[in-house]
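Below, each chain spelled out in residue letters.
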Amino acid sequence: YNFVLINISNYCKLHNYTLLIFDHSKDINKISPYWNRVADFIKLSNQYKEDPNTIFIYLDLDVCINPKYKNLSIDKIINNIDFIVEDTNDIYIGNNLGSSTNTGIIIIRNTNWSKIFLKYWFSKYNPKYWTLEDDKWSCKINNKECVWARDGYEQGEFNKIYEKNEIDAQNHIKILHYSILSNNDKNIDAFIYHFYGWNEEDKLKNIEYILN
């Protein structure tokens, strides 16, 4: 995935963004790796001054920014979205081709509500559901395997918070069209591609196709 990091790094340099790469290889026995992104967001939100213009962006490794749109800055995109809807959102997230949200790409303004949301979201992590065997984490609820990215997973818990409108989530979270943040079809034009659902070999082929 070196060329993925190069793609992201070049984009960050172009727009004067700070690129942070978190290595959790030494933390493998602490919490489920799917929840690391939430813990990282909480750490970052506490390190920086509360300010809606301070923006954190999480990207999975199977993500790439379309070179066609490299001159578009993410902060300009979300500011324009807020201008159109006449409201400032706290969190922006893509969806899975029109269905649930996808936490593989998340944009968060460092606001008071975002801090509250992140702590509430992380409170949904239940270590009793997760076990580590042979360096691999698995989730079981009532001795039944968790459905991928649903109950027990950070994505499933995010979706439940939004759907139930807990802590007024629907008035603070903006779900963006998948062509903006989470498109996994290389044949559909998009700003950021996220090739979830593909095997590793095909993920790399798709990313190479977009970058070339």
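Here's what I pulled together on the structure shown here. Position numbers for residues start from 1 in each chain and track the written sequence from start to end. Where totals are concerned, whole chains, interfaces and linings use all residues; where local detail is concerned, this predicted model gives features only for residues with pLDDT of at least 70, and gives and counts side-chain atom pairs only at 80 or more. By convention in this description, side-chain values take in all heavy atoms of the structure and omit both hydrogens and water.

### Some remarks on the overall build of the chain
Which entries qualify depends on this criterion: Counting from the N terminus, the helices are the DSSP runs of H or I reaching at least four residues and the strands are the DSSP runs of E reaching at least two. Between buried and exposed lies partly exposed: a residue is buried under 20% and exposed over 50% of the maximum accessible area for its type, with that area taken using a 1.4 Å probe on protein chains only. We call two residues in contact whenever any of their non-hydrogen atoms come within 4.5 Å of each other. Computed by Shrake-Rupley with a 1.4 Å probe, the accessible areas treat only the displayed protein chains as cover when residues are assessed. In this count, Lys and Arg are taken as positive residues and Asp and Glu as negative ones, while His and the chain termini are left out. The atoms used to mark charge sites are NZ of Lys, CZ of Arg, CG of Asp and CD of Glu.
Scanning the chain from terminus to terminus reveals seven helices and nine strands. A total of 212 residues make up the chain; the buried ones form 45% of that total. In the chain, once contacts between residues fewer than 6 apart in sequence are set aside, the share between residues at least 24 apart is 64%. When the accessible area of the chain is evaluated, it comes to approximately 12,000 Å², of which 49% is carbon and sulfur surface. If you average the places of the 24 positive and of the 28 negative side-chain charges in the chain, the two averages end up 2 Å apart.

### Here's the deal with the pattern of salt bridges
For side chains of opposite charge, pairing can occur when their charged atoms come near one another. The cut-off we apply is this: When a carboxyl oxygen of Asp or Glu is within 4 Å of a side-chain nitrogen of Lys or Arg, the pair counts as a salt bridge.
Enumeration according to the criterion identifies 10 salt bridges in this entry. With a closest N to O distance of 3.5 Å, arginine 37 and aspartate 60 form a salt bridge. Here aspartate 60 lies in the loop between strand S1 (51-59) and strand S2 (63-65) and arginine 37 lies in helix H2 (residues 36-47), a separation of 23 residues in the sequence. Grouping residues by exposure puts arginine 37 and aspartate 60 together as buried. What emerges from the salt-bridge pattern is a single network uniting Arg37, Asp60 and Glu154.

### Observations regarding the pairing of strand S6 (residues 136-141)
Applicable threshold: Strand pairing requires that DSSP identify at least two bridges connecting the strands.
Here strand S5 (residues 130-133) pairs with S6 via four bridges, running antiparallel. Paired with threonine 131 across the bridge in S6 is serine 138. The antiparallel hairpin formed by S5 and S6 contains two residues in its connecting segment, where aspartate 134 sits at a positive phi of about 55°. Pairing of S6 with strand S7 (residues 144-145) involves two bridges; the strand directions are antiparallel. Across the sheet, lysine 140 pairs through a bridge with glutamate 145, a residue of S7.

### Quick look at the side chain of glutamate 154
Looking at the secondary structure, you find glutamate 154 in helix H5 (residues 154-163). In this structure glutamate 154 comes out as buried when scored by relative accessible area, which is 4%. If sequence neighbours within four positions are ignored, glutamate 154 has contacts with Tyr34, Trp35, Arg37, Val38, Thr103 and Trp121.

### A short note on the packing of aromatic side chains
Operational definition: A pair of Phe, Tyr and Trp rings is counted when the ring centres sit within 6.5 Å of each other, with Trp represented by its six-membered ring. The angle between the planes then sorts it: under 30 degrees is stacked, over 60 is edge-to-face, the rest tilted.
Applying the stated criterion across every chain, the model contains 18 aromatic pairs. Considering the side-chain rings of phenylalanine 117 and phenylalanine 158, the 5.4 Å spacing of their centres and the 75° angle between planes classify their relative orientation as edge-to-face. Of this pair, phenylalanine 117 sits in helix H4 (residues 112-122) while phenylalanine 158 sits in helix H5; the two residues are 41 residues apart in sequence, bridging distant segments of the chain. There is no split in this pair, since phenylalanine 117 and phenylalanine 158 are both buried.

### Here's the deal with the sheet that holds S6
The strand order across the open sheet built from three strands is S5-S6-S7, with neighbouring strands paired in antiparallel fashion. Only two strands of the sheet have a single partner each, and these edge strands are S5 and S7.

### Quick look at the environment of isoleucine 6
By secondary structure assignment, the location of isoleucine 6 is in helix H1 (residues 2-14). Isoleucine 6 sits in the partly exposed class, given a relative accessible area of 49%. Sequence spacing of isoleucine 6 and cysteine 64 is 58 residues, and the spatial spacing of their C-alpha atoms is 9.7 Å.

### Some remarks on the sheet that holds strand S3 (residues 91-95)
Condition: Only the stretch in contact is used when a helix axis is fitted, and all axes are lines through C-alpha atoms; the angle between N-to-C directions ranges over 0 to 180 degrees.
Sheet architecture is open: four strands sit in the order S1-S4-S3-S8, paired in mixed fashion. Single-partner strands in this sheet number two, and they are S1 and strand S8 (173-176). Adjacent strand axes in the sheet meet at a mean angle of 25°, parallel and antiparallel pairs treated alike. Bridging between S1 and strand S4 (residues 101-110) involves six bridges; their strand directions are antiparallel. Of the residues in S4, the one forming a bridge with phenylalanine 56 is isoleucine 108. Here H5 sits on the sheet and contacts S3, S4 and S8; the angle it forms with S4, its principal contact strand, is near 65°.

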